[in-house]
Amino acid sequence: STTKSTVLNVDDTPPSLKVRITRSGNTVTVLARAHDKRSGLKSIVTSFGDGSSSRPGARVTHRYRQSGAFKLVVRATDQAGARRLSARTIRVKKR
């Protein structure tokens, strides 16, 4: 009887993620940089925390239409499914 062995390389290291947010009134621009040298980057998605749809991309702009505190979350996912999150609270006041 012959036994074969296979080596599987598992990439469970999440991608690196750097996020910069700029504001002008109730409008935010999110600039995200993500990198994964092992399995490659699959996506960057931003959720704005106000019930609006999440938006894909490394640069997204969003206007908050109501006052309040919102949890903005940027999620980078690599080809292996590992994720890194960056979250910030965005406070919007009525104008």
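The sections below set out a description of the structure shown in this document. Note that this is a predicted model, so its numbers are computed, not measured.

Procedures and definitions
- Residues numbered from 1 in each chain as written.
- Predicted model: local features only at pLDDT ≥ 70, side-chain atom pairs only at ≥ 80, totals over all residues.
- Heavy atoms only, no water.
- Pairing = 2+ DSSP bridges.
- Helix = DSSP H or I, 4+ residues; strand = E, 2+ residues; numbered from the N terminus.
- Core = buried A, V, L, I, M, F, W, Y, C linked by side-chain atoms within 4.5 Å.
- Buried < 20%, exposed > 50% of the residue type's maximum accessible area, 1.4 Å probe, protein only.
- Contact = heavy atoms within 4.5 Å.
- Phe/Tyr/Trp six-rings, centres within 6.5 Å; stacked < 30°, edge-to-face > 60°.
- Axes fitted to C-alpha atoms, helices over the stretch in contact; angles between N-to-C directions.

1. What to know about the sheet that holds strand β3 (residues 41-47)
Sheet architecture is open: 4 strands sit in the order β4-β3-β6-β7, paired in antiparallel fashion. Pairing within the sheet leaves two strands with one partner each, and these edge strands are β4 (55-56) and β7 (83-92). Judged from the 10 bridges that link them, strand β6 (residues 68-78) and β7 form a sheet pairing that is antiparallel. In the strand pairing of β7, Val 73 is matched with Ala 87.

2. Section: the nonpolar core
Leu 17, Val 30, Phe 48, Tyr 64, Leu 72 and Val 74 are the most contacted members of the largest nonpolar core, which has 16 residues in total. Elements represented by at least two residues in this core include exactly β1 (16-24), β2 (27-35), β6 and β7. Apart from the residues lying within four places of it in its own chain, the contact partners of Val 30 are Val 19, Arg 20, Ile 21, Thr 46, Phe 48, Ala 58, Arg 59, Val 60, Leu 72 and Val 74.

3. Brief notes about the packing of aromatic side chains
According to the stated counting rule, one finds 1 aromatic pair in the structure shown. A centroid spacing of 4.9 Å and a plane angle of 20° characterise the contact between Tyr 64 and Phe 70, whose relative ring orientation is stacked. For the pair Tyr 64 and Phe 70, one class covers both residues: buried.

4. Observations regarding the sheet that holds strand β5 (residues 59-63)
Spatial ordering of the open sheet is given by β1-β2-β5, a layout of 3 strands whose pairing is antiparallel. The open sheet has two free edges, formed respectively by β1 and β5, since each of these has just one partner strand. Sheet twist, expressed as the average angle between the axes of neighbouring strands with direction ignored, equals 20°. With 9 bridges connecting them, β1 and β2 associate as antiparallel partners. Bridge assignment links Leu 17 to a residue of β2, and that residue is Ala 34.

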